[in-house]
Amino acid sequence: MAAELLAGGPVADAVLGEVAERVERLKAVGITPGLATILVGDDPASAGYVRRKHETCAEVGLSSINLEIPADAGQAALEAAIDELNANPEVDAYLIQLPLPDGFDFAAALARVDPAKDADGLHPTNLGRLVLQEPGPVPCTPAGIQAMLDHYGVEIAGAHVVVVGRGPTLGRPLALMLSNRGGGGDAAVTVVHSRVPDLADHTRRADIVVGAVGVPGFVTPEMVRPGAVVISGGITWEGRKLLPDVNESVGEVASWITPRLGGVGPTTVAMLLRNTVAAAESRQV
Ligand code: NAP
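Residues numbered from 1 in each chain as written. Predicted model: local features only at pLDDT ≥ 70, side-chain atom pairs only at ≥ 80, totals over all residues. Heavy atoms only, no water.

1. Examining the packing of aromatic side chains
Per the counting criterion, the structure on display carries two aromatic pairs. Geometrically, the ring pair formed by Tyr 49 and Trp 237 is edge-to-face, given 6.2 Å between the ring centres and 65° between the ring planes. Remark: Trp 237 occurs in strand β9 (residues 235-238) and Tyr 49 occurs in helix α2 (residues 44-60); sequence separation between them is 188 residues. For Tyr 49, a relative accessible area of 29% puts it in the partly exposed group. With a centroid separation of 5.3 Å and an interplanar angle of 45°, the aromatic rings of Tyr 152 and Trp 256 are classed as tilted. On the criterion of sequence distance, the pair formed by Tyr 152 in the loop between α6 (140-151) and β5 (160-164) and Trp 256 in strand β11 (residues 256-257) is long-range, its members being 104 residues apart. Relative accessible area serves as the criterion here: at 18%, Trp 256 is assigned to the buried category. (Phe/Tyr/Trp six-rings, centres within 6.5 Å; stacked < 30°, edge-to-face > 60°. Helix = DSSP H or I, 4+ residues; strand = E, 2+ residues; numbered from the N terminus. Buried < 20%, exposed > 50% of the residue type's maximum accessible area, 1.4 Å probe, protein only.)

2. Topic: the packing of helix α1 (residues 8-28) against α6
Running from N to C, α1 and α6 point in directions that differ by 100°, and their axes come no closer than 10 Å. Taken as axis vectors, α1 and α6 run roughly perpendicular relative to one another. From α1, Gly 8, Pro 10 and Val 11 reach across to α6, where they touch Ala 147, Met 148 and His 151. (Axes fitted to C-alpha atoms, helices over the stretch in contact; angles between N-to-C directions. Parallel < 35°, antiparallel > 145°, perpendicular 65-115°, else oblique. Contact = heavy atoms within 4.5 Å.)

3. Quick word on the domain arrangement of the protein
The domain architecture assigned to the protein consists of domain 1 (30-132) and domain 2 (140-266). Just the C-alpha atoms count here: the centres of domain 1 and domain 2 sit 26 Å apart. Taken together, the contact pairs eight residues of domain 1 with 10 residues of domain 2. Taking both sides of the interface into account, the surface hidden between domain 1 and domain 2 amounts to around 680 Å²; carbon and sulfur atoms contribute 69%. (Domains from an automatic or database assignment. Buried area = accessible area lost by both parts, 1.4 Å probe.)

4. Notes on the state of the cysteines
All told, the structure shown has zero disulfides when counted by the stated rule. Take Cys 140: it sits in no disulfide, and the sulfur closest to it among the cysteines is that of Cys 57, at 11 Å. Taking relative accessible area as the criterion, Cys 140 reaches 5% and is therefore assigned buried. (Disulfide = S-S within 2.5 Å.)

5. Topic: the packing of α6 against helix α7 (residues 171-179)
Their axes nearest at 8 Å, the elements α6 and α7 cross at an angle of 40°. When the axes of α6 and α7 are compared, the pair comes out oblique. Considering how the two elements wind past one another, α6 and α7 form a crossing that is right-handed. Contacts between α6 and α7 involve Pro 142, Ala 143, Ile 145 and Gln 146 from the former and Pro 173, Leu 174, Met 177 and Leu 178 from the latter. Classifying every residue of the contact of α6 with α7 gives seven nonpolar, one polar and no charged. (Left-handed = near helix turned anticlockwise from the far one by under 90°. Nonpolar A, V, L, I, M, F, W, Y, C, P; charged D, E, K, R; others polar.)

6. Describing the site of the ligand
Near the ligand, the surroundings consist of 19 residues, among which Thr 141, Arg 166, Thr 169, Ser 194 and Gly 214 are the closest. Backbone polar atom of Gly 233 to a nitrogen atom of the ligand: 3.4 Å apart, as the coordinates give it. Within the backbone of Ile 235, an N or O atom sits 3.0 Å from an oxygen atom of the ligand. Relative to its unbound accessible area of 930 Å², the ligand is 67% covered by the protein chains. (Near = heavy atom within 4 Å. Polar contact = N/O pair within 3.5 Å; in protein donor to acceptor, adjacent residues only side chain to side chain. Areas by Shrake-Rupley, 256 points an atom, 1.4 Å probe, with all protein chains shown as cover.)

7. Let's talk about the pairing of β5
The element β5 is largely enclosed, with a buried count of four among its five residues. Sheet analysis places β5 next to strand β6 (residues 188-192), joined by five bridges and oriented parallel. In the strand pairing of β6, Val 161 is matched with Val 189. Handedness of the β-α-β unit built from β5, α7 and β6 comes out right-handed. Pairing of β5 with strand β7 (residues 208-211) involves four bridges; the strand directions are parallel. Counted as the bridge partner of Val 163 is Val 210 from β7. (Pairing = 2+ DSSP bridges. Right-handed = clockwise from strand over helix to strand, strands pointing away.)

8. A short note on helix α3 (residues 75-87)
In this model α3 runs 19 Å from its N-terminal to its C-terminal C-alpha over 13 residues, within 8% of the 18 Å that 1.5 Å per residue would give. For α3, the set of buried residues is Gln 75, Leu 78, Glu 79, Ala 81, Ile 82 and Leu 85. Take α3 and look down its axis: the buried residues cluster within an arc of 155°, on one side only. Exposed and oriented more than 90 degrees from the buried face of α3 are Ala 76 and Ala 87. Packed against the buried residues of α3 are β2 (34-40), β3 (63-69), β4 (93-96) and α4 (106-112). (Expected span 1.5 Å × (residues − 1). Arc of directions from axis to C-beta.)

Below, the structure is given as structure tokens:
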């Protein structure tokens, strides 16, 4: 069996189409939604991600700025940038591009971000809202995965989803979103991680398997029930090559699989812009 591809591009286009309409409505009342990024250091992959985010903003009519901080500038410089963006009325939402170089404390930086301007949906207040199912910005990669399943008609409600990885940006929030009550949720979710023995016993029982690990090729065909849907959320850069968590040969047993390129990534950017527009809408009244 050759799996069908869960391509992120069409999903991102659909989300961005909706974002563009919302931007138009905001512009009609004199508001141009603005996103900012903070890029610390000179990691080429991070710089590439930031560039893509700004290009996408330009495509759908958002304004955007980038603040660059040298890798050796220290935590105080990062916190000064955060204070500046918290105070800037033209910035509706912003993010700190990850990973930060050694010597920076992301948790402390994130705690300083105004939760209303948290483009990534990772601030503790917003993760708390997610737990409580209250409105607020949601983590972008998990939201992109949820939108992808919905777009391709993969039934989430009642499905057994196994998320491999319990990290704060991907595995843990995704498990919350898919098990929350109502639209895009209602799944039975199992979260597995490095302390779980015989991990494949769990993944083989899943209707949907999500790699949220950050280990190339971690999910192999033996770990997947024939016909399951398999998503690679975790990625690793090896030089300029992007390596997904899911081994390509899983495509021989799965019914749907994310492609090596153009999977979850484009949907993550689309969700970032959706969070930003929602933040701009909240200053309308
Ligand atoms: P993280 O904090 O790096 O955590 C990784 C998780 O994987 C941990 O729960 C860890 O288990 C588990 N793990 C690592 N090695 C394992 C092994 N050998 N067996 C079983 N479990 C193992 O996670 P994160 O920040 O949520 O990110 C996860 C991945 O998502 C990364 O690759 C990141 O690049 C990717 N990501 C992608 C996007 C995107 O746009 N596509 C966005 C955000 C993140 P323990 O908890 O037991 O240590």
